Number of protein chains: 2
Amino acid sequence: MAKIYSASTTAPVNIATLKYWGKRDTKLNLPTNSSISVTLSQDDLRTHTTASASESFTRDILWLNGTEESVTGARTTACLAELRALRKKLEDSNSSLPPLSSYKLHIVSENNFPTAAGLASSAAGFAALIRAIADLYELPQSEEELSRIARQGSGSACRSLYGGYVAWEMGNKEDGSDSRAVQIATEAQWPDMRAAILVVSAKKKETSSTTGMQTTAKTSPLFKYRVEVVVPERFKQMSKAIEKKDFEVFADLTMADSNQFHAVCLDSSPPVFYMNDVSRNVISLVEKLNSLAGRIVAAYTFDAGPNAVLYYLERDESVVLGLLKAALPDLEGWQKKPAVIASVPEGISSEMYDSLKEGVSRIILTGVGPSPQKTGESLVGDDGLPKFSNKSEA
Amino acid sequence: MAKIYSASTTAPVNIATLKYWGKRDTKLNLPTNSSISVTLSQDDLRTHTTASASESFTRDILWLNGTEESVTGARTTACLAELRALRKKLEDSNSSLPPLSSYKLHIVSENNFPTAAGLASSAAGFAALIRAIADLYELPQSEEELSRIARQGSGSACRSLYGGYVAWEMGNKEDGSDSRAVQIATEAQWPDMRAAILVVSAKKKETSSTTGMQTTAKTSPLFKYRVEVVVPERFKQMSKAIEKKDFEVFADLTMADSNQFHAVCLDSSPPVFYMNDVSRNVISLVEKLNSLAGRIVAAYTFDAGPNAVLYYLERDESVVLGLLKAALPDLEGWQKKPAVIASVPEGISSEMYDSLKEGVSRIILTGVGPSPQKTGESLVGDDGLPKFSNKSEA
C-alpha cells in the first residue's frame, strides 16, 4: 500500500446569539443577514475528524460515526473542489510536494455527543472537515479564507473555525467572496461565559432548517424588516457588548433575537414551529429568574429545535444551575458539576419548574471555548480504513 | 316601589379574522390598527342583558352571571356617562319623557356559555350592556354611533353591535370620534360561513390581552411594521374578499394574520405566549387538510388564549367536521350535529390528530350570525333584582 498522508483535528459547535435565518443564495449559502455566535468548549461537544490521502485510495469516502456517508452532495463536492484547487496551486509552485490534490480522500469523523440530541452538528462537522483537509494539504490560508469554504458546506460552519465570539459578516458580493467569519473576541478575552444546554425531546420531526428558512424568506411579511432594519442594528450592539464584556446587553439581545427568529418562523406560511411547551416553560423560568434578580443573570436561546441553550457568567453559576438542579435533579449531565446545590430563589413556585420535568432529557454543562485543535489521535488506520467502527453514543 | 323601566337584549361574540392588538390610547381604547371580525350566532354564544332604571334604585348595580360586579371601573363609568348624557339631551328636548338619565341602573347579564372556557366574553358583554341601555333610553343613535361608546368599554365590543362581517376602522382623530365599527357585509349576504370553536384547556394563567398588547406595542421591533405596513394592506384585501365572498383569500389572510399576531407577541420582551402545543397541533392538522385538498377548506385563528376557531363554508362541513370528529369523537358539543360522520382524508395519519385528544375539552359548532336582538325575556324581577341567581354553566 502507498503512503497514507493524514491530519486530524477537533472542531467545536457554535450556538448563535444573533440568528442566521434566510439565504439570499442557496447554492453559495449566502445569508440574508449577518450573525453572531459563541463557540463552545470541545471538552463537551466536538467533532473529531481525520482526513487522509493516498495514491492507493480509489474513491473519496467519508465515514461519519462509523457509517459511510455520501460525499457526492453539492455542498461537500464544492468544499472538496475548492480545497483541492488550493492544494494544486501549492503543488504547481513547489514540485517537491507530494501530489495530494490528485489523491482520493478517506475522511473519518466522529462526534462526542449523541446525534439524537438534535444539537446542530453540521457546523462542527464541516468545520472539522475543512480544517483537517486544510491541515493535510498544508494550506497557508487564514481562518477567514477557510471560513468562506466552510460556509458553502453548512452556513453556520464558517463560525466554528474560530474560538470565542464570532461574527459571520454577510457581505454583499454576488460571488460570496466577502461573506465570511471573523472573530469579535477570543475565548481568553471573555473567558467566564458559561453555557447550559437543556436537551428537550421533540415529539415529531421538525422542519429542516434549510426548508424552514426558505419558507420564511419567501412568505413572512415581517422577515424583510427583520433582516434589513432590526438585525443590522443588533449586530452592532451585540458586537460592542461582547467587546465591552457587557453581559446584560449581550443577554438581552440574545433573548430578543431568539424570540424574533421564532417569531418570523411563526409569521411564515405555513407557519414553522421549533419551540414547544417545554421550551416556553424554560423561557418563562428564565424571565422570572431575571425579573426576581433585578438584573439579567441568564439568557436563553433556541435554534431550529426545542433544545434550550442558556448563557450565563461563571459568577452566577450557583443561582442558575441551582434552580435548574431543583427543577431537574435526576438528569444525565449533573455528574460533571457535583458541587451544584439545588436551590430555588424566593418567588419562584415549584409549579414553574415542575413543568420542565416531563420534557428535558439531559443537561450539557459547558462554556466558551477555542478554535479547532490539531490532534495526534488519528481515526484512520494503517489500512486507510476507520480505526473504530462506532465509538459515538447513540 | 316606583315604576321600573327596562329593556332586554342579547348580543353576540365576534372572533377577529384581522386582529386587534395594540392601543394607541389606553383610556379611549383607540387601536393601533383597524381590524375585521365575524359575528357568531347567538344561538350558541350570547350575552343576555336586561337594563332597568327606576326612581327607587339607590345605586348602579351590575350582576354578571349572578354575581355583583363593580360598575365603578373607568371603562364602565365612561360608557354609562356617555349613554346618560345622550338620554339627558332627549329629555331636555321633550319634557314628557321620564327622567331616566337621573335614575340609577340595575343591570343583569348572563352568558349562555361557560365563562371558564376562555372565550372572549367582554365583547358580547359590553355590546349587550350598551345596546340594552340604549334601548331602555330609546336613543336614536345608530349602531355606528353606539359602537364608539362600546369601544370604550372593551375595544372589540364595538364590532359586536353588528351582525355578519364587521370592520373596526381605527380612525386617526385624537378624541376617538372616528374610531368605530362598520358593517362590511350582512350575515344574509354571506350566510354559509361556519365556525367550530375548539376549547383548549390552558395549564396556566395567561397574560391578559390588555397587558399583552401593551408589552407588544412597547417592545416588539416588528410590531410597528405590522401595524403600519402589513395590516393596512390586509384590511383592504380582506374587506374585498368578504364583499366578493372569496373564501380562499379570506381564509388565507385569516390564518396569516393570526400567525402574525402571535409572532409579534413572541417578538415582545418578555415574550407573550397564548398558543400551546395543542394549538400548534390544530394548525398543523388544518394546514395538512388544506394541502391535501389542494385548496383552502378551513382557516384557523387564535385569540389571546389557546382556543382554536376554525372557519369553513357549509359545503365543506363534512370534510372539516369529519376529521375533527375522528380526532375528538367524545367531545361535548357533537350532539348538536349528530349527522357528522367521522372520516379522515387519505394522507392524514392518526398521529397527527391523536395529539389533539389530550388538550381539547369541548367543541362549539356555530356560524355567522346577526346583530344584537331585542328580547321580551327580562332578567330583572318586579322587585328590581335579578330573577335568577345563576343560570350559567360553570
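Residue numbering note: each chain is counted from 1, following its sequence as written. All chains are assigned letters beginning at A, and all ligands numbers beginning at 1, according to the order in which they are written. Reporting of local features is limited, given that this is a predicted model, to residues whose pLDDT is at least 70; pairs of side-chain atoms are given and counted only at 80 or more, and all residues count toward the totals for whole chains, interfaces and linings. Side-chain numbers here rest on the full set of heavy atoms in the structure, without hydrogens or water.

## Brief notes about the overall build of chain A
Link 1 in the chain: Check the secondary structure of chain A and you find nine helices and 16 strands.
Link 2 in the chain: For the radius of gyration, the atoms used are the C-alpha atoms, and the globule rule reads 2.2 Å times the number of residues raised to 0.38. Here the C-alpha radius of gyration of chain A, 21 Å, is about what a compact globule of 394 residues would show, namely 21 Å.
Link 3 in the chain: Summarising its shape, the C-alpha atoms of chain A cover approximately 70 × 45 × 40 Å along the three principal directions.
Link 4 in the chain: Exposed residues in this analysis have more than 50% of their type's maximum accessible area, buried residues have under 20%, and partly exposed residues fall in between, with area computed by a 1.4 Å probe over protein chains only. Looking at chain A residue by residue over its 394 residues, the buried ones come to 59%.
Link 5 in the chain: For chain A, the exposed area adds up to about 15600 Å²; of that, 49% sits on carbon and sulfur atoms. Put simply, DSSP H or I for four residues or longer makes a helix, DSSP E for two residues or longer makes a strand, and each gets a number counted from the N terminus. Only the protein chains shown count as cover for residues, and the accessible areas themselves come from Shrake-Rupley with a 1.4 Å probe.

## Some details on the interface of chain B and chain A
Link 1 in the chain: In this description, contact between two residues means that some pair of their heavy atoms is separated by no more than 4.5 Å. Listed per partner, the contact involves 29 residues of chain B and 29 residues of chain A.
Link 2 in the chain: A 1.4 Å probe defines the accessible area here, and the buried area is the portion of it lost by two parts on being joined, summed over both. When chain B packs against chain A, close to 2300 Å² is buried across both sides, 61% of that on carbon and sulfur atoms.
Link 3 in the chain: Each salt bridge in this description consists of a side-chain nitrogen of Lys or Arg and a carboxyl oxygen of Asp or Glu lying within 4 Å of one another. Linking chain B with chain A are zero salt bridges, by the criterion used here.
Link 4 in the chain: Any pair of nitrogen or oxygen atoms within 3.5 Å is treated as a polar contact; in protein, a donor-acceptor pairing is required on top of that, and neighbouring residues in sequence qualify only through side-chain atoms on both sides. For the interface between chain B and chain A, the tally reads five residue pairs in polar contact (both at pLDDT 80 or more).
Link 5 in the chain: Elements represented by at least two residues in the side of chain B that touches chain A include exactly α5 (223–243), α6 (247–266) and α7 (277–293) of chain B.
Link 6 in the chain: In this count, Pro and Cys sit with the nonpolar residues alongside Ala, Val, Leu, Ile, Met, Phe, Trp and Tyr, while Asp, Glu, Lys and Arg are called charged and the others, Gly among them, polar. Classifying every residue of the side of chain B that touches chain A gives 13 nonpolar, seven polar and nine charged.

## Considerations on the pattern of salt bridges
Residue and element names in this part refer to chain A.
Link 1 in the chain: Going through the model one piece at a time under the given rule, you end up with 38 salt bridges over all chains.
Link 2 in the chain: When the shortest N-O distance is used, the salt bridge between D92 and K88 registers 3.1 Å. One end of the pair, D92, and the other, K88, are both in helix α1 (residues 74–93), four residues apart, so they sit about a helical turn from each other.
Link 3 in the chain: Measuring nitrogen to oxygen at the nearest pair gives 3.4 Å for the salt bridge that ties R362 to E332. Placement of R362 in strand β15 (residues 360–367) and of E332 in the loop between α8 (317–327) and α9 (350–354) is noted, with a sequence separation of 30 residues between them.
Link 4 in the chain: Put simply, E144, E169 and R180 are held in one network by salt bridges that share partners.

## Re the sheet that holds strand β11 (residues 180–185) of chain A
Residue and element names in this part refer to chain A.
Link 1 in the chain: Strand pairing follows a simple DSSP-based rule, namely that at least 2 bridges must link the two strands. Sheet architecture is open: four strands sit in the order β2-β5-β10-β11, paired in antiparallel fashion. Two strands close off the open sheet at either side, each with one partner strand: β2 (14–18) and β11. Within this sheet the neighbouring strands show an average axis-to-axis angle of 35 degrees, counted without direction.
Link 2 in the chain: The pairing of strand β10 (residues 165–169) with β11 spans five bridges and is antiparallel. Within β11, the residue paired with V166 across the bridge is Q183.
Link 3 in the chain: In the packing of helix α3 (residues 143–153) onto the sheet, contacts are made with β10 and β11, and the angle to β11 comes to roughly 125 degrees.
Link 4 in the chain: Between the N-to-C directions of two axes lies an angle of 0 to 180 degrees, each axis being a line fitted to C-alpha atoms and, for a helix, fitted only over the stretch in contact. Docked against the sheet, helix α6 (residues 247–266) engages β2 and β5 (35–39), running at close to 95 degrees with respect to β2.

## Quick word on the side chain of S268(B)
Link 1 in the chain: Positionally, S268(B) belongs in the loop between α6 and α7.
Link 2 in the chain: Polar side-chain contacts of S268(B) include one of 2.9 Å to the side chain of T216(B).
Link 3 in the chain: What S268(B) contacts, discounting residues up to four positions off in sequence, is N259(A), T215(B), T216(B), T219(B) and S220(B).

## Side note on the packing of aromatic side chains
Link 1 in the chain: In this scheme Phe, Tyr and Trp rings, the latter by its six-membered ring, pair at centre separations within 6.5 Å, and the angle between planes marks the pair as stacked below 30 degrees, edge-to-face above 60, and tilted otherwise. This model, assessed by the stated rule, comprises 21 aromatic pairs over all chains.
Link 2 in the chain: Ring centres of F250(A) and Y311(A) lie 6.1 Å apart, and the angle between their planes is 65 degrees; on these two criteria the pair is classed as edge-to-face. Of this pair, F250(A) sits in helix α6 while Y311(A) sits in strand β14 (residues 308–313), placing them 61 residues apart in sequence. The two residues F250(A) and Y311(A) agree in class, both being buried.
Link 3 in the chain: An aromatic cluster of three or more residues is present, and its members are Y165(A), W190(A), F247(A), F250(A) and Y311(A).
Link 4 in the chain: When the NZ atom of lysine or the CZ atom of arginine is within 6 Å of a ring's centre and also within 35 degrees of its normal, the charge is said to sit over that ring. Positioned above the aromatic ring of F273(B), the side-chain terminus of R280(A) is 5.3 Å from the ring centre.

## Section: the relation of the copies chain B and chain A
Link 1 in the chain: Copies are brought into register by a least-squares superposition over C-alpha atoms of residues with pLDDT of at least 70 in both. Placing chain B over chain A gives an RMSD of 0.0 Å and needs a rotation angle of 180 degrees, together with 0.0 Å of translation along the axis. Seen this way, the second copy is the image of the first under a two-fold rotation axis. Considering only C-alpha atoms, the part of chain B nearest the rotation axis is A263(B), at 2.1 Å.
Link 2 in the chain: When the interface residues of chain B are mapped onto chain A, 100% of them again lie at the interface, so the same face is used by both copies.

## Looking at the pairing of strand β9 (residues 104–111) of chain B
Residues and elements named next belong to chain B.
Link 1 in the chain: Most of β9 sits inside the fold, with seven of its eight residues counted as buried.
Link 2 in the chain: When strand β6 (residues 46–54) meets β9, the two strands line up antiparallel, connected through eight bridges. Opposite T49, over in β9, you have S109 as the bridge partner.
Link 3 in the chain: Summarising the sheet, strand β7 (residues 61–64) and β9 pair through four bridges and their orientation is parallel. Residue pairing for β9: I61 is matched across the bridge by H106.

## Details of the side chain of S54(B)
Residues and elements named next belong to chain B.
Link 1 in the chain: With respect to the helices and strands, S54 occurs in strand β6.
Link 2 in the chain: Of the polar contacts made by the side chain of S54, one reaches the backbone oxygen of K3; its length is 3.1 Å.
Link 3 in the chain: At 3.1 Å, the side chain of S54 and the backbone nitrogen of S56 are in polar contact.

## Here we look at the sheet that holds strand β14 (residues 308–313) of chain B
Residues and elements named next belong to chain B.
Link 1 in the chain: Strand order in the open sheet formed by four strands is β13-β14-β12-β15, with antiparallel pairing between adjacent strands. In this open sheet, the two strands that pair with only one neighbour each are β13 (298–301) and β15 (360–367). With strand direction ignored, the average angle separating the axes of adjacent strands in the sheet is 20 degrees.
Link 2 in the chain: Sheet topology note: the strand β12 (residues 193–200)/β14 ladder contains six bridges and is antiparallel.

## Details of the confidence of the model for chain A
Link 1 in the chain: Counting all residues, the mean pLDDT for chain A is 94, and 96% of those residues have values of 70 or more.
Link 2 in the chain: Across the chain, each position has a pLDDT score giving the predictor's confidence in that residue, from 0 to 100. Of the regions scoring below 50 in pLDDT, residues 390–394 of chain A engages in 12 contacts with residues more than four places distant in sequence or in other chains.

## Considering the domain arrangement of chain A
Residues and elements named next belong to chain A.
Link 1 in the chain: All domain edges in this entry derive from an automatic or database-based domain assignment. Entries for chain A in the domain assignment read domain 1 (4–185) and domain 2 (193–367).
Link 2 in the chain: Just the C-alpha atoms count here: the centres of domain 1 and domain 2 sit 27 Å apart.
Link 3 in the chain: Facing the 31 residues of domain 1 at the interface are 42 residues of domain 2.
Link 4 in the chain: Summing both partners gives a buried area of about 2900 Å² for domain 1 against domain 2, and 71% of it is carried by carbon and sulfur.
Link 5 in the chain: Applying the counting criterion to the domain 1 and domain 2 interface returns two salt bridges.
Link 6 in the chain: We note a salt bridge from K336 to D44, for which the minimum N-O separation is 2.7 Å.
Link 7 in the chain: At the surface where domain 1 touches domain 2, the tally comes to nine residue pairs in polar contact (both at pLDDT 80 or more).
Link 8 in the chain: Put simply, the parts of the chain that give the side of domain 1 that touches domain 2 at least two residues each are β2, β5, β10 and β11.
Link 9 in the chain: Class assignment for the residues of the side of domain 1 that touches domain 2 results in 17 nonpolar, 10 polar and four charged.

## Some thoughts on the packing of α1(A) against helix α2 (residues 122–136) of chain A
When two helices pack together, their arrangement is given by the angle between the helix axes and the distance between those axes.
Residue and element names in this part refer to chain A.
Link 1 in the chain: Where α1 meets α2, the closest approach of the two axes is 10 Å, and the angle between their N-to-C directions is 20 degrees. Here α1 is positioned roughly parallel relative to α2, judged by the angle of their axes. In the packing of α1 onto α2, the handedness of the crossing is right-handed. Of α2, the residues touching α1 (which contributes R75, T76, C79, L80 and L83) are F126, I130 and I133.
Link 2 in the chain: Of the residues assigned to the contact of α1 with α2, the class counts are six nonpolar, one polar and one charged. To sort the angles, those under 35 degrees are grouped as roughly parallel, those over 145 as roughly antiparallel, those from 65 to 115 as roughly perpendicular, and the leftovers as oblique. Throughout, a crossing is termed right-handed when the near helix is turned clockwise from the far one, and left-handed when it is turned anticlockwise from it by less than a right angle.

## Remarks on the environment of Y5(B)
Residues and elements named next belong to chain B.
Link 1 in the chain: For Y5, the position within the fold is in strand β1 (residues 4–12).
Link 2 in the chain: Judged by its relative accessible area of 22%, Y5 falls in the partly exposed class.
Link 3 in the chain: Placed 136 residues apart in sequence, Y5 and Q141 show a C-alpha to C-alpha distance of 19 Å.
Link 4 in the chain: When neighbours within four sequence positions are excluded, Y5 is seen to be in contact with A51, S52, A53, P98, L100, Y103 and L136.

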